[in-house]
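# Secondary and tertiary structure notes
For reference, the chains in residue letters:
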Amino acid sequence: MPSVEADRDPIHLFEVGEEYFFAHFFERTDVFEHLADFYKDDEFRFEIPSSELDAVCDYLRDQWFEPVIVEDVEPFCVVKEQYTKHAEILKRSVMHWARREYNFFVMKDPIAVDRAVELGATRIEDTDLVVGL
């Protein structure tokens with residue numbers, strides 16, 4: 001009988017200082033509970049210290065996810081003028097900040113980037129702005 005190789009669900013992790021950030025909704029409560037110590041309620045994201053990264057990535061692979069370390073954040077970054085509607089974009093972001101009259105968003109995956117553009121954001125690569133993390 002042939003085996004079926006299912007695709008793993010990718011989770012993009014972004015290095016910020018000595019931590020790695022990611023946003024993901026886990027349907028299985030046991031997976032969320034295992035990672036709950038890393039979850040920041042006020043930011044709606046997981047923050048993994050560098051010292052825990054290997055263990056967390058191994059756990060995610062065991063649970064059939066594929067951790068993807070993002071080395072170039074720019075393709076995941078979009079901007080939108082401040083004081084414009086951005087709640088739907090914010091929901092799919094890993095982090096955000098305001099600078100130079102723009103809201104900057106690092107989106108959780110390429111699909112979220114495309115959706116943000118559909119909602120009126122601009123890819124940072126299409127502007128004269130820089131990410132500046």
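Residues numbered from 1 in each chain as written. Predicted model: local features only at pLDDT ≥ 70, side-chain atom pairs only at ≥ 80, totals over all residues. Heavy atoms only, no water.

## A short note on the overall build of the chain
Across its full length, the chain carries four helices and nine strands. Each helix (α) and strand (β) of the chain, taken in turn from the N terminus, gives the series β-β-α-β-β-α-β-β-α-β-β-α-β. Projecting the C-alpha coordinates of the chain onto the three principal axes gives extents of approximately 55 × 35 × 25 Å. Within the chain, buried positions represent 38% of all 133 residues. Put simply, of all contacts in the chain between residues at least 6 apart along the chain, 61% involve residues at least 24 apart. One finds the centroid of the 14 positive side-chain charges in the chain at a distance of 7 Å from the centroid of its 31 negative side-chain charges. (Helix = DSSP H or I, 4+ residues; strand = E, 2+ residues; numbered from the N terminus. Buried < 20%, exposed > 50% of the residue type's maximum accessible area, 1.4 Å probe, protein only. Contact = heavy atoms within 4.5 Å. Lys, Arg positive; Asp, Glu negative; His and termini not counted. Charge placed at Lys NZ, Arg CZ, Asp CG, Glu CD.)

## A word on the environment of Ala112
Relative to the elements of secondary structure, Ala112 occurs in helix α4 (residues 110–118). For Ala112, a relative accessible area of 4% corresponds to the buried category. Residues Ala112 and Ser93, spaced 19 residues apart in sequence, show a C-alpha to C-alpha distance of 7.6 Å.

## Brief notes about the packing of aromatic side chains
By the definition in use, this model includes nine aromatic pairs. Pairing Phe26 with Phe46 gives two aromatic rings, centres 5.6 Å apart and planes at 75°, and the pair type is edge-to-face. Taken together, the residues span a long stretch of sequence, with Phe26 in the loop between β2 (19–22) and α1 (29–35) and Phe46 in strand β4 (residues 45–49) at a distance of 20 residues. A ring pair is formed by Trp97 and Phe104, whose centres lie 5.4 Å apart and whose planes are at 10°; its orientation type is stacked. The exposure classification of Trp97 matches that of Phe104, with both residues buried. Aromatic ring contacts, followed pair by pair, group Phe22, Phe26, Phe32, Tyr39, Phe46 and Phe65 into a single cluster. The ring of Trp64 is capped by Arg8, whose NZ or CZ atom sits 3.9 Å from the centre of that ring. One residue, Arg99, lies across the ring of Phe104, its end atom 4.5 Å from the ring centre. (Phe/Tyr/Trp six-rings, centres within 6.5 Å; stacked < 30°, edge-to-face > 60°. Lys NZ or Arg CZ within 6 Å of the ring centre and 35° of its normal.)

## Details of the pairing of strand β6 (residues 77–81)
With four of five residues buried, β6 is to be regarded as a mostly interior element. The pairing of β6 with strand β8 (residues 102–107) spans five bridges and is antiparallel. Looking at the pairing, Val79 lines up with Phe104 of β8. Sheet analysis places β6 next to strand β9 (residues 122–123), joined by two bridges and oriented antiparallel. Pairing of Val78 across the sheet is with Arg123, part of β9. (Pairing = 2+ DSSP bridges.)

## Some remarks on the sheet that holds β8
Here four strands make up an open sheet; going across it, the order is β7-β8-β6-β9 and the pairing antiparallel. At either margin of the open sheet sits one strand with a lone partner, and together these are β7 (93–99) and β9. In the sheet, β7 pairs with β8 via six bridges, with the strands oriented antiparallel. Bridging from a neighbouring strand, Trp97 pairs with Phe104 of β8.

## Concerning the sheet that holds β4
What the five strands build is an open sheet, ordered β3-β4-β2-β1-β5; its pairing is mixed. For this open sheet the edge positions go to β3 (39–40) and β5 (65–70), each flanked by a neighbour on one side alone. As paired strands, β2 and β4 are joined by four bridges and run antiparallel to one another. Note that in β4 the partner of Tyr20 across the bridge is Ile48. Sitting on the sheet, helix α2 (residues 53–62) touches β1 (9–16), β2, β4 and β5, and the angle it makes with β5 is about 145°. (Axes fitted to C-alpha atoms, helices over the stretch in contact; angles between N-to-C directions.)

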